[in-house]
Each structure stands twice: as structure tokens, then as C-alpha cells.
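Residues per chain, in single letters:
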Amino acid sequence: MTVFDTPATRELQAAVAEVVQRVIAPISAATPPGTRLTAEQMRTCLRALQPLGYLGSTIPRDFGGAGLSYVEYGMLLEQVAKGPVLFGEVVPPRTINYLGTAEQKRRWLPKLFSGDWIATAAITEPQAGSDMRAFTTTAVLDGDHYVVNGRKRWLKLGSVADLMTLMVVDPASGGLSRLVVERDISPWVSRDIDTVGLRQLSLAEVTFDGTRVPRDSILGEAGAGGEQFHRGIEASRGFIGIQAVGIASHALDRALAYARERVAFGRPIGKFQAIQIVLADAATRLQAARLLCFNALAILDSGKRAPRDVSMAKVFAVDTALAVCQAAMESMGAWGTAEEAEVERCWRDAAMLSAIDGTAGIQRLIIGRETLGMSAFL
Ligand SMILES: Cc1cc2nc3c(=O)[nH]c(=O)nc-3n(C[C@H](O)[C@H](O)[C@H](O)COP(=O)(O)OP(=O)(O)OC[C@H]3O[C@@H](n4cnc5c(N)ncnc54)[C@H](O)[C@@H]3O)c2cc1C
């Protein structure tokens, strides 16, 4: 419980929890180990979460969005993260809404808001993540098309997506542009990467080899796509933080339940001070992380920028989530490591949040820059 929790957010989280239990958990449980959710399974999950604002997120209702505040969307994502599949934030509609023309919004947003289309955001490249100046994927104008060459890596849902917002280098200006790529019109080749966590989701590397993308798919001015990225990523960092909190809350809940029922030396292990202190510290740190995240999101809701606060929230929440998951696992003895106990999966999924939307190291450099007034970036 925090000052950010209201009757309305509790109602929202209860509704999300119901969808997770009724729709997402059975799909996840039926997915064999080593396989990922199919496009159809993804669509089923997206459509189930759609009425709660998962796809329309913070986009105003006037444009067909859900009109949620950043805090409300954070509450929604936190609750999804307590479930078995960490779907995460849906980024492309926000990019299209921010940069797109009225005609472009009409063309793409309804399909994304309905869950009929799955979307991915393509920014990172194999040779460059933090260093966006080293991106090499290009889009060269050729008549009424752009010709795209290059590779992108780590695209969440990249193998099952129908649409991609693609960051490319504009050779004319040297700046970064955003294109919207429809898979049916401009197909891409993808391969999924096996990772320590998020094992039911596609995390893809995609290749463009002379792929032709219609000229009217550019979002905003050529070469001006970098500025929007830096604004949009502030919210994304707050959302990653609160999802880390959601994951770790689930792990802690499992550990608390186990501490109440597991008996050793004639009493529930929760009655041992050693266990209580571990779980009390975990709950306290998680509460601090949750407050940092919602505080950062509330600043964004007030219309201000919050680079320092979102970086603090992200780095502290992810570090805390990993520590809480590990503490939960250890407090449960061997059972904590069993897949059935659901805690080891939380630990693995939390580890996946360290690099996304800026590594822990980069977050610390941002906090340092904003605190000292000096940049340690090259
Ligand atoms: C689960 C997951 C989902 C993702 N989803 C997407 C997605 O949908 N779309 C997408 O485009 N990308 C996605 N990413 C990629 C993510 O955004 C990048 O991993 C991130 O930007 C970091 O880039 P990198 O991994 O190439 O690390 P690098 O930039 O190569 O960094 C490597 C190491 O060097 C350090 N480092 C780099 N520069 C400096 C510096 N100047 N000073 C000090 N240290 C430095 C970093 O902190 C890090 O420890 C995802 C990643 C993950 C893990």
C-alpha cells in the first residue's frame, strides 16, 4: 500500500489479476518447455487485456487510446508482471501517436489498439545498444520507397509481430529516422535468441536486405527520430522498474506462503527470526522500489521530464527485484529452486530487465550526470 494506490487502481489491478488467471496462466501452462507463445496465443492474451487499457495505455481517448495516467498504466503492468508471462509495455502505439500524422494514426492505431496486430519496436543493433551513434541500419530513398539494409537485435515479439517501428540512420542528414514497417508489405527475416529468462516470448534478431518500405511510412521528419526516443524512454524506464517490482512481489508472496506452511523443528519456519528478518527486509526494499517507481511516473504525469527519477527507479527496482527473488528462493530451502515453486522463474525474468531500455551502468551514469551536473558519457 502506498499513497499512489487508490480504490480505482485496486479495482484495475483486481481486473488484471482476473484476466491473468483466466486467460494468460492457462496458455502459459499449456506451452511446452522450450517453446514460445505463438502469434495466435499472443493475440488471445492481448485481446483479453485490451479492455483494461493494456494496448491503448497512456494515449488520450480522443485518439482511441485508453487515456490512462502513467501511474495507472504502471499499476496495470505491475499486475501483469505478477503473472507467468512478462508481456511488458506496448511501445509502438505511443511512438506512432507521438510522431505520426492524422492519416498514419488512422492507418495503424486501430489495428494495434484492438490486438489484431502485434507490434515490436526495433532500435538496438548487434554491434550497438547504448551507443546509438554507432547504428548502421540505413533507409535510402529510392523513388516512392525507402530501401532498408541492416540488422536489429533483441526485438521483443520480433518473430511474431505484424508491425514494427524501426529506427534507421538517415544517410542524408546523418540523424535517426523512424519508419513503420508492415510485415505483409515489407517482410523481415527473424531468428529468436535463447535467454536466461522471458522464455515464452520471442526476443528476435531481424534482418533487412534491400527491403522496400513505402515512403509514406516515415514518422515525422527524416533524421528527427532521436528526440522522441529520449522522451519516450523515460516512461519506459519507470515501467521496467515497476514490472521488476511486480515480478519480485510474486516471488515474495510465494515465500511468505511457504514460510507459513513449511514446518521445521515443530513450528512453521515463519516463526524463526532468521526467516522473518529476511522476509521483512525483502518487503521493505520492495516497498521502497515501488515508491521510487510510482514517484517517477507521477512526475511524468505532472508533465515534467524526470530523467534522474526514472533512472533511479529502474536501477534500484531491478537490483532490488533480483535480491528479493534470491532471498525468497533461499528462504524456501531446496523447494525455492523448483520450477513448480515459481520463484526461480521470477529470478530469471528479473535478470532480463537489467539491460533493457538502458543498462544498469547507463542508468547510473544518467543519475551521476543529473546529480553532479557533469557527464561521464564520452
Ligand atoms: C529482455 C530484453 C528486451 C529488449 N527489448 C528490446 C526491444 O524490444 N527493442 C530493442 O530495440 N531493443 C531491445 N532490447 C535491447 C536493450 O535495449 C539493449 O540491450 C540496451 O540498450 C543495451 O545495449 P547492449 O545490450 O548492446 O549493451 P552495450 O551497449 O553493448 O553495453 C555493454 C556494457 O557496456 C556498458 N557501457 C556501454 N557504454 C558505456 C559507457 N559510455 N560508459 C560506461 N559503461 C558503458 C553497459 O552498461 C554494459 O554493461 C532488449 C533487451 C532485453 C534484455
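Source: prediction; values computed, not measured. Residue indices begin from 1 for each chain and proceed along its sequence in written order. Owing to the predicted nature of the model, reporting of local features is limited to residues with pLDDT of at least 70; listing and counting of side-chain atom pairs is limited to 80 or more, with chain, interface and lining totals taken over all residues. Derived side-chain values reflect all non-hydrogen atoms in the structure, with water molecules and hydrogen atoms excluded from consideration.

**Student:** I tried to follow the site of the ligand on my own but got confused; where do I start?
**Tutor:** Nearness of a residue to a molecule or strand requires only that one of the residue's heavy atoms be within 4 Å of it. Neighbouring the ligand are 20 residues; Ile123, Thr124, Ser130, Trp154 and Thr359 lie closest to it. Pairing of N or O atoms within 3.5 Å defines a polar contact, subject to two protein rules: one partner must be a possible hydrogen donor and the other a possible acceptor, and residues neighboring in sequence count only if both atoms are side-chain atoms. A distance of 2.7 Å is found between a nitrogen atom of the ligand and a side-chain nitrogen or oxygen belonging to Thr124. Within the residue set of the shell around the ligand, elements represented by two or more residues are strand E1 (119-122), strand E3 (145-156) and helix H10 (360-372). With four residues, the top contributor of residues to the shell around the ligand is E3. Following the grouping adopted for this structure description, the nonpolar residues are Ala, Val, Leu, Ile, Met, Phe, Trp, Tyr, Cys and Pro, the charged ones are Asp, Glu, Lys and Arg, and the polar ones are all others, Gly among them. Looking at the shell around the ligand, its residues break down into 12 nonpolar, five polar and three charged. All the domain ranges listed were derived from an automatic or database domain assignment. When residues are assigned to domains, the shell around the ligand turns out to be shared by domain 2 (119-223) and domain 3 (226-372), each giving three or more. Elements are defined by DSSP. Helices are runs of H or I of four residues or more, strands are runs of E of two residues or more, and each kind is numbered from the N terminus.

**Student:** Quick question: what am I supposed to make of unusual backbone geometry here?
**Tutor:** For residues that are not glycine, phi is negative in most cases, and the peptide bond is trans in most cases. Although it is not a glycine, Ser57 sits at a positive phi angle of roughly 40°. As for its placement among the helices and strands, Ser57 is situated in the loop between helix H2 (39-49) and helix H3 (70-81). Residue Leu157 is not a glycine yet carries a positive backbone phi of 70°. Mapped onto the elements, Leu157 comes out in the loop between E3 and strand E4 (163-169).

**Student:** What should I look at first to understand the UniProt feature "domain: Acyl-CoA oxidase/dehydrogenase middle" (unreviewed entry) in the chain in this one?
**Tutor:** UniProt positions are given in the numbering used here, feature names are shortened, and annotations may be inferred rather than shown by experiment. When the UniProt feature table is mapped to this numbering, "domain: Acyl-CoA oxidase/dehydrogenase middle" (unreviewed entry) covers residues 121-210. Spanning residues 121-210, this segment combines 0% helix with 50% strand, and its end C-alpha atoms are found 20 Å apart.

**Student:** How should I be thinking about the pattern of salt bridges in this particular structure?
**Tutor:** Side chains bearing opposite charge may pair, as long as their charged atoms lie close to each other. We count a salt bridge whenever a side-chain nitrogen from Lys or Arg sits within 4 Å of a carboxyl oxygen from Asp or Glu. Per the stated rule, a full pass over the model turns up 21 salt bridges. Asp319 is the salt-bridge partner of Arg364, the closest N and O atoms lying 2.7 Å from each other. With Arg364 in helix H10 and Asp319 in helix H8 (residues 307-331), this residue pair connects regions lying 45 residues apart in the sequence. Exposure is judged per residue with a 1.4 Å probe applied to protein chains only, and the accessible area is read against the type maximum: over 50% gives exposed, under 20% gives buried, and values in between give partly exposed. Residue classification places Arg364 among the partly exposed residues on the basis of a relative accessible area of 45%. Since its relative accessible area comes to 34%, Asp319 is described here as partly exposed. Across the pair Arg345 and Asp349 runs a salt bridge, and its minimum N-O distance is 3.2 Å. Taken together, the positions of Arg345 and Asp349, both in helix H9 (residues 343-351) and four residues apart, correspond to about one turn of that helix.

**Student:** Explain the nonpolar core here, please?
**Tutor:** The nonpolar side chains of a soluble globular protein tend to be buried with one another. Among buried residues, those of type Ala, Val, Leu, Ile, Met, Phe, Trp, Tyr and Cys that are joined through side-chain atoms within 4.5 Å constitute a nonpolar core. The biggest cluster of nonpolar side chains holds 93 residues, and the ones touching the most others in it are Met42, Tyr54, Phe87, Met164 and Leu179. No other element matches helix H6 (residues 225-261), which puts 13 residues into this core. Not counting the four nearest positions on each side in its chain, Met42 is found in contact with Leu37, Phe87, Ile118, Leu157, Val160 and Leu201. Trp108, Leu109, Leu112 and Ala119 belong to the second-largest nonpolar core, a separate cluster that totals 12 residues. Residue contacts are defined here by distance: any two heavy atoms, one from each residue, within 4.5 Å place the two residues in contact.

**Student:** Would you explain the side chain of Ser217 in this entry?
**Tutor:** Inspection of the secondary structure assignment puts Ser217 in the loop between strand E7 (203-214) and strand E8 (218-219). A relative accessible area of 4% means that Ser217 is categorised as buried. In this view, Ser217 contacts Gln104, Arg107, Trp108, Arg178, Leu179 and Val180; residues no more than four positions away in its chain are not counted.

**Student:** What am I meant to see in the environment of Leu322 here?
**Tutor:** With respect to the helices and strands, the residue Leu322 is situated in helix H8. Spatially, the C-alpha atoms of Leu322 and Ala255 are 14 Å apart, while their sequence positions differ by 67 residues. Excluding residues within four positions of it along the chain, Leu322 makes contact with Trp347, Ala350 and Ala351.

**Student:** Just checking my understanding: could you explain the packing of helix H4 (residues 92-99) against helix H5 (residues 102-114) for this structure?
**Tutor:** How two helices pack is summed up by the angle between their axes together with the distance between the axes. Think of each axis as a best-fit line through the C-alpha atoms, taken over the contacting stretch in the case of a helix, with angles from 0 to 180 degrees between the N-to-C directions. Close contact between H4 and H5 brings their axes to 10 Å; oriented N to C, the two are set at 160°. Considering the angle they form, H4 stands roughly antiparallel to H5. At the point where H4 passes H5, the crossing takes the left-handed sense. Here Pro93, Ile96 and Asn97 of H4 come into contact with H5, specifically with Gln104, Lys105, Trp108, Leu109, Leu112 and Phe113. The class makeup of the residues in the contact of H4 with H5 is six nonpolar, two polar and one charged. Oblique is the label for every angle not falling under 35 degrees (roughly parallel), over 145 degrees (roughly antiparallel), or within 65 to 115 degrees (roughly perpendicular). Here a crossing is taken to be left-handed if its near helix is turned anticlockwise relative to the far helix by less than a right angle, and right-handed if that turn runs clockwise.

**Student:** Help me understand the domain arrangement of the chain, please; the structure alone is not making it clear to me.
**Tutor:** In many analyses, interface size is given as the accessible surface area lost on bringing the parts together. As far as domains go, the chain holds domain 1 (7-114), domain 2 (119-223) and domain 3 (226-372). With centres defined by C-alpha atoms, the gap from domain 1 to domain 2 works out at 22 Å. Listed by partner, the interface residues are 24 residues for domain 1 and 25 residues for domain 2. Between domain 1 and domain 2, roughly 2,000 Å² of surface is buried when both sides are summed, and carbon and sulfur atoms account for 57% of that area. On inspection of domain 1 and its partner domain 2, the count reaches three salt bridges. For the salt bridge of Arg36 with Asp194, the shortest nitrogen-to-oxygen distance reads 2.8 Å. Put simply, buried area is how much 1.4 Å-probe accessible surface two parts lose in total, over both of them, once they are put together.

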